[in-house]
Amino acid sequence: MPIQLRVLQTLLFLFAAVPCGIPFRWNPNPVFPSELAAFVLCVLITLTCAFIPNERGEKSNPPWTSLIWISFAALIGVQALIIQPYYNTEVVYPIIYALGAGGVAWGLSRAFAVYDRNELVTMFAWGLLAGAIFNSGLAVPQIMQLIQEGPRLIFGNIGQKNMYGHYLAWGLASAAYLVTQKDELPRWMFWIVAPWLALSLAFCGSRSPFLYAFAWLPAGLFLWWRGGVIVRQFGKALTIAAVLIIVMQFIAPVVNELLQAALKAKNEVPTGLDRIDSNGSRRLVEWHKAWLAFLDHPWLGLGWGAYGSQSIALQLRPEFAIVSESVLFTHAHNSVLNLLAETGLFGSLIIVGGILWAFCNLFRQWNNPIVVFGASLAVVSLLHSLVEYPLWYFHFLGPFAIALFLLRSDAPQFNLPASAARMIWTIWAGIALTIAVLGGQLYLKIYPIMDPAKEEKINAERIHTLEGLRSNPLIDFYADFALSNYIVASTSEMPWKLGILRRLNAIRPYPGQMTDQAVMEALSGNQAIAHTLMRQAAFAYPESYDYFYETLFSFEESEVRALIKEVDEGREFFNSKLDFKLKRPENKISSEPLEKP
């Protein structure tokens, strides 16, 4: 076996298994360690493919599924030149992540042309299955803790229950594929692994697995009915997996009772079935907002990462404000609508059109085991993307890019020499790995200083460090966000403070930063801006009313006291429409601005 093939198999396994098992969760971006690991492994796969020898005159054209991501990276770059984003971070990461996805698909196309593709795909599937089993095992003590101590989330090492369910579904589809491959997963083991993962899906509390089951079930039945030998076996296994997902939703309560009896506790682990009628109206609100943003900016959109400020601005509308969760929605929780809002028609057509083009391959190759396996993985990500945004994280985008490549691996005829492709992959890998090393160093540098210390001298040093990071395109947003934690609204250093807060609130307006900016805008004479900010904060963050009142009443200036009117009106709205019973501080009885001395 060639050394390149052995390395590729190892990297594919690690790429599928390791990133979602990393436990570290540090601010400013808790999932960055997982994303960084996935990105590095992805680039190493591409670099390994550059060492696959080629014969003179051999071609290596980028496959269609690679061109999707490369084109999207170009679109984000062009959009940034036109719209001029507030932070380079908002442009750099989507571009390098898209190029990473495009690079791994292109590199694997070369590996598929030289080696037995089954040897590569099975290792990728084993990685997903191993990672899913590992995370489901980590969830066991989380379940025990919930039963004994009360409510908590079940998510393994992934950090979010819906993403955890997504990953378990990938593992379940991988088990269905591996059981069809000779000398891979024995049938008796499939009947242990599949029910376990289906039960784990029930206990994660996510409702999305119902979507996966309802997509897999008819597809599995069709393949079981009409497929060739291996595809028929895969269809049977996929059908069993879909049925198990549904059945385990009803068996989970019985397991709950057994665990409660054994642990002598009364807390119950909620399943997706228990939450099936949970209120999802805020998602509908965000979808509507994203559509409005698209209508206002139909061609290029608002700009990547700009949806959060649009969400807060539109929350002033009564029909939106009445559906309140007091959180910042940085994403519309529907990836298609978010793409429309942030990248317009041009960006959305690249991604949505490209994915549809990949799925069109099922009409020609639905009887190919690798193609239908890729489709079973990709459909999980796409269905989850209708209600959230898993593909905004590289440890999910990367495997999805490979799944899409498995679904469609053909390429247009560019007649690009394989030697030129290998050179491109090597150069890209050098640049990408350098960025990864620098990004990792910056992350380790910034996470300990995100919040102020108790000593002024230490804080001065931290502010100096963060000031030096503000111009770094890999971390400029996070440097400003960290600096905002050191800002206290006052008349001192207002130009510097407002310079930070204005940029932050233009893309991700949080209640503390909005209040600080509103106060200092008022003190600077920018009354209209101050009142707009305070009103937006009041209608978007009703759980922060104590903070709003405390901050505004701490100032004697009439310009700041005038902002209390916006908070009062928000309080009256929520108390009358939603029966929130929000209260003013008892010793503050008037919102009239104080007279100047």
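Relevant structure appears above.
No experiment lies behind these values; they were computed from the predicted model shown. (Residues numbered from 1 in each chain as written. Predicted model: local features only at pLDDT ≥ 70, side-chain atom pairs only at ≥ 80, totals over all residues. Heavy atoms only, no water.)

So, about the overall build of the chain. Along its length, the chain carries 25 helices and zero strands. Taking 25 Å as the expected radius of gyration for a compact globule of 597 residues, we find that the chain reaches 26 Å, a close match to that expectation. Principal-axis analysis of the C-alpha atoms gives the chain an extent of 85 × 65 × 45 Å. Burial statistics for the chain: of 597 residues in total, 56% are counted as buried. (Helix = DSSP H or I, 4+ residues; strand = E, 2+ residues; numbered from the N terminus. Rg over C-alpha atoms; globule rule 2.2 N^0.38 Å. Buried < 20%, exposed > 50% of the residue type's maximum accessible area, 1.4 Å probe, protein only.)

Helix length check: helix H2 (residues 32–50) (19 residues) gives 27 Å between terminal C-alpha atoms against 27 Å at 1.5 Å per residue, within 8%. Counting buried positions over the 19 residues of H2 gives 16, a clear majority of the element. (Expected span 1.5 Å × (residues − 1).)

On to the nonpolar core. Judged by nonpolar contacts, the single largest core of 183 residues is most densely connected at Trp69 and Trp216. For this core, the element with the most residues is helix H4 (residues 89–114), which contributes 13 residues. With residues up to four places along the chain from it excluded, the contact list for Trp216 reads Ala169, Leu172, Ala173, Leu238, Ala241, Ala242, Ile245, Ser376, Val379 and Val380. (Core = buried A, V, L, I, M, F, W, Y, C linked by side-chain atoms within 4.5 Å. Contact = heavy atoms within 4.5 Å.)

In this section: the pattern of salt bridges. Pairing between side chains of opposite charge can happen when their charged atoms approach one another. As enumerated under the stated definition, the model contains 19 salt bridges in all. Two residues, Lys289 and Glu286, come together in a salt bridge whose shortest N-O distance is 3.1 Å. Placement of both Lys289 and Glu286 in helix H10 (residues 281–296) is noted, with a separation of three residues, approximately one turn of the helix. According to the relative accessible area criterion, Glu286 is buried, its value standing at 0%. When the shortest N-O distance is used, the salt bridge between Asp568 and Arg584 registers 2.8 Å. Highlighted residues: Asp568 in helix H25 (residues 564–577) and Arg584 in the segment after H25, separated in sequence by 16 residues. Of the two residues, Asp568 and Arg584, neither departs from the other in class, the shared state being buried. (Salt bridge = Lys/Arg side-chain N within 4 Å of Asp/Glu carboxyl O.)

Before going further, it helps to examine the environment of Asn29. The residue Asn29 is located in the loop between helix H1 (3–17) and H2 in this model. Judged by relative accessible area, Asn29 falls into the buried class, the value being 16%. Along the primary structure Asn29 and Asn267 are separated by 238 residues, whereas in three dimensions their C-alpha atoms are 32 Å apart. Among residues more than four places away in sequence, those in contact with Asn29 are Glu35, Tyr443 and Tyr478. Within the structure, the side chain of Asn29 is placed 3.3 Å from the side chain of Glu35, a separation counted as a polar contact. (Polar contact = N/O pair within 3.5 Å; in protein donor to acceptor, adjacent residues only side chain to side chain.)

Here we come to the packing of helix H18 (residues 456–469) against helix H19 (residues 476–484). Contact pair H18 / H19: the axes reach a minimum separation of 8 Å and the direction vectors enclose 150°. When the interaxial angle is binned, H18 and H19 end up roughly antiparallel. In this structure, H18 crosses over H19, and the sense of that crossing is left-handed. For the pair H18 and H19, contact is made by Ile463, Leu466, Glu467 and Leu469 and by Asp476, Ala479, Ala482 and Leu483, respectively. The residue inventory of the contact of H18 with H19, partitioned by class, reads six nonpolar, no polar and two charged. (Axes fitted to C-alpha atoms, helices over the stretch in contact; angles between N-to-C directions. Parallel < 35°, antiparallel > 145°, perpendicular 65-115°, else oblique. Left-handed = near helix turned anticlockwise from the far one by under 90°. Nonpolar A, V, L, I, M, F, W, Y, C, P; charged D, E, K, R; others polar.)

This brings us to unusual backbone geometry. A cis amide bond, omega 15°, links Asn27 with the succeeding residue Pro28. With respect to the helices, strands and loops of the structure, Pro28 is situated in the loop between H1 and H2. A positive phi angle is found at Gln84, which is not glycine, with a value near 60°. Among the secondary structure elements, Gln84 is positioned in the loop between helix H3 (64–83) and H4. One non-glycine residue, His333, lies in positive phi territory at about 60°.

Here we take up the packing of helix H17 (residues 418–446) against H18. In the contact formed by H17 and H18, the axes pass within 11 Å of each other and the chain directions differ by 155°. Our classification of the angle between H17 and H18 gives roughly antiparallel. Seen along the crossing, H17 lies across H18 with a hand that is left-handed. Contact residues: Leu442, Lys445 and Ile446 in H17; Thr465, Leu466 and Leu469 in H18. Looking at the contact of H17 with H18 residue by residue, the class counts come to four nonpolar, one polar and one charged.

Moving on: helix H20 (residues 494–507). With 14 residues, H20 should cover 20 Å at 1.5 Å per step; its first-to-last C-alpha distance of 20 Å lies within 8% of that length. Of all the positions in H20, only Met494, Lys497, Leu498, Ile500, Leu501, Leu504, Asn505, Ala506 and Ile507 are classed as buried. Those residues of H20 that are buried are in contact with H4, helix H11 (307–314), H18, H19 and helix H21 (511–523).

Quick look at the environment of Ala101 now. Mapped onto the secondary structure, Ala101 falls in helix H4. Note on Ala101: relative accessible area 0%, which makes it buried. Along the chain, Ala101 and Val43 lie 58 residues apart, while their C-alpha atoms are 8.9 Å from each other. The residues touching Ala101, leaving out its near neighbours within four places in the chain, are Trp69, Phe394 and Ala401.

Another point: the packing of aromatic side chains. Overall, the coordinates contain 40 aromatic pairs when judged by the stated rule. Summarising the aromatic geometry, the rings of Trp26 and Tyr443 are spaced 6.4 Å apart at their centres and angled 25° between planes, so their arrangement reads as stacked. Taken together, the residues Trp26 in the loop between H1 and H2 and Tyr443 in helix H17 connect sequence positions 417 residues apart. Note on Trp69 and Phe400: the rings are 6.2 Å apart at their centroids and 80° apart in plane angle, and the pair reads as edge-to-face. (Phe/Tyr/Trp six-rings, centres within 6.5 Å; stacked < 30°, edge-to-face > 60°.)

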